[in-house]
Amino acid sequence: MSKKVADVLWEMLAKAGVKRCYGIVGDALNPVVDALRRNGTIEFVPVRNEEYGVFAAVAEAYFTGNPVVVCGTAGPGVVHLFNGLMDARKEAAPIIAIAGDIESSMIDTSTLEELNPYKFFETASLYTARLVNPEQARAVINTAILTAVLEKGPTVLAIPGDVASADAPDQLTDFTIAAPAILRPSDTDLDKLVRMIDEAKTVAIFGGDGCREGRDEVVELACKLKAPVGYAFRGKQWLEHENPNAVGMTGLLGYGGAYNAIHEADLLLMLGTDFPFSEFLPGTSVKKVQIDKNPKHIGRRTALDLGLVGDIKSTVSALLPAVREKTNREFLDRQIAHTESFHKLLQHYVEKGPTIKPIRPEFLAATLSELASDDAMFFADTGTACIWLARHIYGGKNRRLFGSFSWASMANAAPNAFGCALAYPGRQCIALSGDGGFTMLGMGDLLTQIERRTPVVQIILNNEKFDFVHIEQQEAGIVPFGVEFKNPNFAKVAEAMGAKGIRIEEPEDVREGLAEALAYKDGPVVVDAVVDPLALAMPSHSPFHTVKGFTLSFAKQVLSGRLDTVIKEMERNVGIV
């Protein structure tokens, strides 16, 4: 019996290291999914929403480095893949999307569910192919796999059902995935950088996700240069732990001495970061060097004195023996002292948490960080969950932190945690979910977790509003509007669905409730934590427009008859910075 095109597809994907495919079956996909069943080596994970499946795949692919497949049937099913594929592109996760397509004889007739994959996926996909002839199979599948794995991002294969079920040509399906290339600047450019470092009295480092593989080298360089190390959100999990020079984050989630460090140094080294908030980066008073393996990142956030293309591990390894060691610690010690001082301020609501109701989210997050295992994996929904993850969930050598940090989609945390629970059985996978995000996407596919008895811990910050949008409106000087909603008792909903539900309303119950959730291994847990809806978190450095916006918003709220709300918000945030 000859192989079908769909058989060749799964055979090649399995050889590439694919372990799972997330998605929903449908008419255009039926031949593809039937071949997946015949293949038997790749697990199919049926979900309730294709978008949930892609977010699960993104987290799995990002951490394992292996390609993960997602699928959706023609038209509406394919559309549901888009948001997650955008997240995969921004987070550099190797995802291969199989998009069901209409019968090849109907292409370009505007028939039911027809969608042009080239136009639709142009923004989200590094490579898009429409498989309309079996002779294409080996070439386009090969390209989709290699592009996803080597360029770290999503690719799309649109496959009509009649082509998927057609006989495949007799071709070899073996291929090779090359190891990542060593990429560093030329000796001439490195010499320029060495001179700049040696001539600078003080140096600061600001790192991002590009430091993932070169973490030890960056810390060694920082120690040699007596340089404080700040980091973007995506760099926190790599550069915070076991780093004597760590000074926290900058930006609206910022804490510690990072802002001061990068603005007061003579020379700033931006390593593997595409930090998008230019207003928090220094101007011409500080010399700036950026090193990144992606040439498109160089200089697009701020003007540079030197831009170099190279991966951080290779570049810093070449730099280390060439630079002179600095001996003056005064600048470093000042930034560390600032960081320690800010850390004490961050503990205000952590230490007072057991006596404050409604529950302070700072206290909840800090207690979670303390109780979770050393190799726990944390996932935060976009919104205030990111603030508490950044400030109160501490990383470690084996801890992992993830979210939709570069795309900033809502509702990512629960599916992210689900994907990693499948990829890393036995590890605590903890979703810090907003109530808006959980009801948007997490609640429906809680059924998927229940069916598989996947031990995901979902902690819902129940404040009955889109809290981060509320803060954004205040920053803009707007009276908050359209951000409030009513929630059910999520613990009871979870129990009715078949999961374990825990509701925490009293601060004295926080530790016991979280410990119970983390200890439960027989399936998913939903922790409904009723937190203070008026809790605020200010960055270590607030731009003038942010302070002005809050002041204007409070004034407008007072004039519109909401004085009580303003007073309560001020009373409940006495200790914030």
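Given the structure is predicted, the values throughout are model-derived calculations rather than measurements.

Calculation notes
- Starting afresh in each chain, residues are numbered from 1 along the sequence in its written order.
- This being a predicted model, a pLDDT of at least 70 is required before a residue's local features are given, and a value of 80 or more before pairs of side-chain atoms are given or counted; all residues contribute to the totals for chains, interfaces and linings.
- Only hydrogens and water are set aside when side-chain values are computed; all heavy atoms of the structure are taken into account.
- Helical segments are the DSSP runs of H or I of at least four residues, strand segments are the runs of E of at least two, and each set is numbered from the N terminus.
- For every accessible area listed, the method is Shrake-Rupley and the probe measures 1.4 Å; residues are considered covered only by the protein chains on display.
- All tallies of charge rest on Lys and Arg as positive and Asp and Glu as negative; His and the ends of each chain are not included.
- Note that the charge is assigned to NZ on lysines, CZ on arginines, CG on aspartates and CD on glutamates.
- Burial classes: relative accessible area under 20% of the type maximum marks a residue as buried, over 50% as exposed, and values in between as partly exposed (1.4 Å probe, protein chains only).
- When DSSP locates at least two bridges between a pair of strands, those strands are taken to pair.
- Residue contacts follow a heavy-atom distance rule, with two residues in contact if any of their heavy atoms lie within 4.5 Å.
- Geometry is summarised by axes, namely lines fitted to C-alpha atoms with helices restricted to the contacting stretch, and by angles between N-to-C directions that run from 0 to 180 degrees.
- Each crossing gets its hand from how the near helix is turned against the far one by less than a right angle, where anticlockwise is left-handed and clockwise is right-handed.
- As a working rule, the residues Ala, Val, Leu, Ile, Met, Phe, Trp, Tyr, Cys and Pro are called nonpolar, Asp, Glu, Lys and Arg charged, and the rest polar, with Gly in that last group.
- By salt bridge we mean one thing: a side-chain nitrogen of Lys or Arg within 4 Å of a carboxyl oxygen of Asp or Glu.
- Between N or O atoms, a polar contact is any pair within 3.5 Å; within protein, one atom must be a potential hydrogen donor and the other a potential acceptor, and residues adjacent in sequence are included only when both atoms are from side chains.

Regarding the overall build of the protein chain
Stage number 1. Across its full length, the protein chain holds 25 helices and 19 strands.
Stage number 2. Judged by the C-alpha coordinates and their principal axes, the protein chain covers about 75 × 65 × 45 Å.
Stage number 3. Approximately 23100 Å² of the protein chain is accessible, and the part contributed by carbon and sulfur atoms is 53%.
Stage number 4. In the protein chain, 58 positive and 72 negative side-chain charges are present, and the distance between their average locations comes to 4 Å.

A word on the pairing of strand S13 (residues 306-309)
Stage number 1. The side-chain alternation of S13 yields one buried face, formed by Leu 306 and Leu 308, and one unburied face, formed by Gly 307 and Val 309.
Stage number 2. Here 4 bridges tie strand S12 (residues 287-292) to S13, and the two strands are oriented parallel to one another. Looking at the pairing, Ile 291 lines up with Leu 308 of S13.

Details of the environment of Val 58
Stage number 1. Residue placement: Val 58 occurs in helix H3 (residues 50-64).
Stage number 2. Between the alpha carbons of Val 58 and Glu 213 there is a distance of 19 Å; along the sequence they are 155 residues apart.
Stage number 3. Setting aside its immediate chain neighbours within four residues, Val 58 contacts Gly 84, Asp 87, Ala 88, Glu 91, Ala 93, Ile 95 and Phe 402.

Concerning unusual backbone geometry
Stage number 1. Backbone torsion omega between Lys 357 and Pro 358 reads 0 degrees, so that peptide bond is classified as cis.
Stage number 2. Checked against the element boundaries, Pro 358 lands in the loop between helix H15 (348-351) and helix H16 (361-371).
Stage number 3. The backbone phi angle of Glu 113 is positive, close to 70 degrees, even though this residue is not glycine.
Stage number 4. Of note, Lys 152 is a non-glycine position whose phi angle comes to about 55 degrees, a positive value.
Stage number 5. Looking at where Lys 152 falls in the secondary structure, it is placed in the loop between helix H7 (137-151) and strand S6 (155-160).

With respect to the sheet that holds strand S14 (residues 377-380)
Stage number 1. A sheet is described by the order of its strands in space; here 6 strands give the open sequence S15-S14-S16-S17-S19-S18, paired in parallel fashion. Edge positions in the sheet fall to strand S15 (400-403) and strand S18 (500-504), since each of these pairs with one other strand and no more. Geometrically, the sheet is characterised by an average inter-axis angle of 20 degrees between neighbouring strands, direction not taken into account.
Stage number 2. Bridge count for S14 against S15 is 4 bridges, and the pairing is parallel.

Some words on the packing of helix H9 (residues 187-199) against helix H13 (residues 312-319)
A pair of packed helices is captured by two measures, namely the crossing angle of their axes and the spacing between those axes.
Stage number 1. Contact geometry of H9 with H13 gives a least axis separation of 11 Å together with a crossing angle of 65 degrees. Both H9 and H13 take part in a crossing whose hand is right-handed. Residues Leu 190, Leu 193, Val 194 and Ile 197 of H9 form the contact with H13, whose participating residues are Thr 315, Ala 318 and Leu 319.
Stage number 2. A per-class count over the contact of H9 with H13 returns 6 nonpolar, 1 polar and no charged.

What to know about the side chain of Asp 381
Stage number 1. Structurally, the position occupied by Asp 381 is in the loop between S14 and helix H17 (384-392).
Stage number 2. Despite its burial, Asp 381 pairs with no opposite charge; the closest candidate is Arg 234, at 15 Å N-O.
Stage number 3. Of the polar contacts made by the side chain of Asp 381, one reaches the backbone nitrogen of Ala 413; its length is 2.8 Å.
Stage number 4. Separated by 3.0 Å, the side chain of Asp 381 and the backbone nitrogen of Gly 434 make a polar contact.
Stage number 5. Those residues within four positions of Asp 381 in sequence are excluded, and the remaining contacts are Cys 386, Ala 411, Asn 412, Ala 413, Leu 432, Ser 433, Gly 434, Gly 437 and Phe 438.

Points about the pattern of salt bridges
Stage number 1. Applying the stated criterion across every chain yields a total of 36 salt bridges.
Stage number 2. As a salt-bridge pair, Arg 38 and Asp 7 come within 2.8 Å of each other at their nearest N and O atoms. Of the two residues, Arg 38 sits in helix H2 (residues 30-39) while Asp 7 sits in helix H1 (residues 5-15), which places them 31 residues apart along the sequence.
Stage number 3. On the accessibility criterion, Arg 38 (37% relative accessible area) is partly exposed.
Stage number 4. Using a relative accessible area of 17% as the deciding quantity, one classes Asp 7 as buried.
Stage number 5. Residues Lys 15 and Asp 174 are paired through a salt bridge, measuring 2.7 Å at the closest nitrogen-oxygen approach. Here Lys 15 is found in helix H1, whereas its partner Asp 174 is found in the loop between helix H8 (161-164) and H9, with 159 residues between them in sequence.
Stage number 6. Assessed through its relative accessible area of 42%, Lys 15 is described here as partly exposed.
Stage number 7. Residue Asp 174 is classed as exposed on the basis of its relative accessible area of 55%.
Stage number 8. It is possible to trace a salt-bridge network through shared partners that takes in Lys 3, Glu 11, Lys 15 and Asp 174.

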